[in-house]
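The lines below spell out each chain.
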Amino acid sequence: MTAMDTLKNALEASLKPTPTVMLVGLAVVLLFPVLLHFILSASTPYNTLPSVLLVGPSGAGKTALLTLYERGLLPKTEKPAPAQTHTSQTPASVELAVNEDGTSSFRDDLDASGSTAKKFLLVDTPGHAKLRRFALSRLRNIPTTTSTGKTSKAKKDSKLKAVVFVVDAAALADSDGRGDSLAATAEYLYEVLLALQKRMGSSQTSRMPSSVPVLVAANKLDLFSALPAALVKSQLETEIGRIRKTRSRGLLDSGVGADDLAATEESDNWLGEYGSEKFTFAQMLEFYTEVDVIGGNVAGDGPGADKWWKWIAERI
Ligand code: GDP
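Residues numbered from 1 in each chain as written. Predicted model: local features only at pLDDT ≥ 70, side-chain atom pairs only at ≥ 80, totals over all residues. Heavy atoms only, no water.

1. Focus: helix α3 (residues 62-71)
Part 1: Of all ten residues that make up α3, eight are buried, and the element is covered over most of its length.
Part 2: Restricting attention to buried positions, one finds in α3 the residues Lys62, Thr63, Ala64, Leu65, Leu66, Thr67, Leu68 and Tyr69.
Part 3: Looking at the packing, one finds that the buried side of α3 touches β1 (51-55), β2 (92-99), β3 (117-124), β4 (160-168) and α11 (306-314).
Part 4: Immediately beyond the C-terminal end of α3, within one or two residues, lies Gly72, with a positive phi of roughly 75°. (Buried < 20%, exposed > 50% of the residue type's maximum accessible area, 1.4 Å probe, protein only. Helix = DSSP H or I, 4+ residues; strand = E, 2+ residues; numbered from the N terminus. Contact = heavy atoms within 4.5 Å.)

And the structure:
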């Protein structure tokens, strides 16, 4: 029997309406869409959407801001939308969109206006001190090479476009700005900035990791007791400078003295311009990390949340 005959026989058998052939045919018809779904969802842009990370201490207003941008409403008279403070260990995120040139408001319905939109994910992170590792590990993540698993993770994280650090400007004003809130907020911001500095400084590949700008959103400016954005900025800079000094002293006191290793370690862990007396956010530019402080509010009467949105939209 020639190969041609074998092929013919096989074809004939497969065309006969036997139960086996019908079963196989049915299985193919049913399984194909399922398979296609998995193939497409594996490559869906949802996994690779640009993302913006919301960080900051508990109670600063991250969840309220996320809800506001998601719903597009600024509650004027009542308390802000009943957003549940996010305390679970996994981040909550919403998919948002700006128009092509980044000029649309969060109130605009882009689907209705028919304009092309740039989608992005706004990712809320738990603010509680014990749960901050999620946010910090995402910031530190450097796009490196080697194993396939690592590469895909790095790819996802190179999509991190910006960090919005939400601050309760009213809490900072309590106890003459020297309260626990200032210290705790500055401590967290210090960790965030150091993680970003290390991300930029320790690339093992020739490719620079993408820089991640930071917006310090001075929230709750509707409250008369809140500090204006300029004061939030200077208070945080002073406090971070203090933390930096304490930490470097800790390193020197660890007994290693002034040998080379200790010196390198110290400069690696020194936030901003090495050896400088005062810390300023502008020093972060040395590490390609832009830091802006803008005031606003999620609830009540005040400047609102439009400037923050504009800042984010320009960086997507
Ligand atoms: P999170 O822990 O950072 O997610 O903070 P939440 O979003 O849960 O907000 C903490 C509290 O602050 C809630 O009671 C909010 O209603 C309130 N809040 C948030 N933003 C504002 C604001 O702009 N003004 C005022 N007055 N309260 C706010």
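Following the structure, the description resumes.
2. Regarding the nonpolar core
Part 1: Judged by nonpolar contacts, the single largest core of 44 residues is most densely connected at Leu139, Val192, Leu193, Val232, Leu236, Ile240 and Phe281.
Part 2: Considering each element in turn, this core owes the most residues, ten residues, to helix α8 (residues 180-201).
Part 3: When sequence neighbours within four positions are dropped, the list of residues in contact with Val232 reads Val167, Ala169, Leu172, Ala218, Leu227 and Val293.
Part 4: Residues Leu122, Leu215, Trp309 and Ile316 belong to the second largest nonpolar core, which totals 28 residues. (Core = buried A, V, L, I, M, F, W, Y, C linked by side-chain atoms within 4.5 Å.)

3. With respect to the pairing of β4
Part 1: Among the nine residues that make up β4, eight are buried, leaving the element largely enclosed by the rest of the structure.
Part 2: Note that β1 and β4 share five bridges and pair parallel. Each residue of the ladder has a partner; that of Val52, found in β4, is Ala162.
Part 3: Two elements, β4 and strand β5 (residues 214-219), share six bridges in a ladder whose sense is parallel. Each bridged residue has a counterpart across the sheet, and for Phe165 the counterpart in β5 is Val216. (Pairing = 2+ DSSP bridges.)

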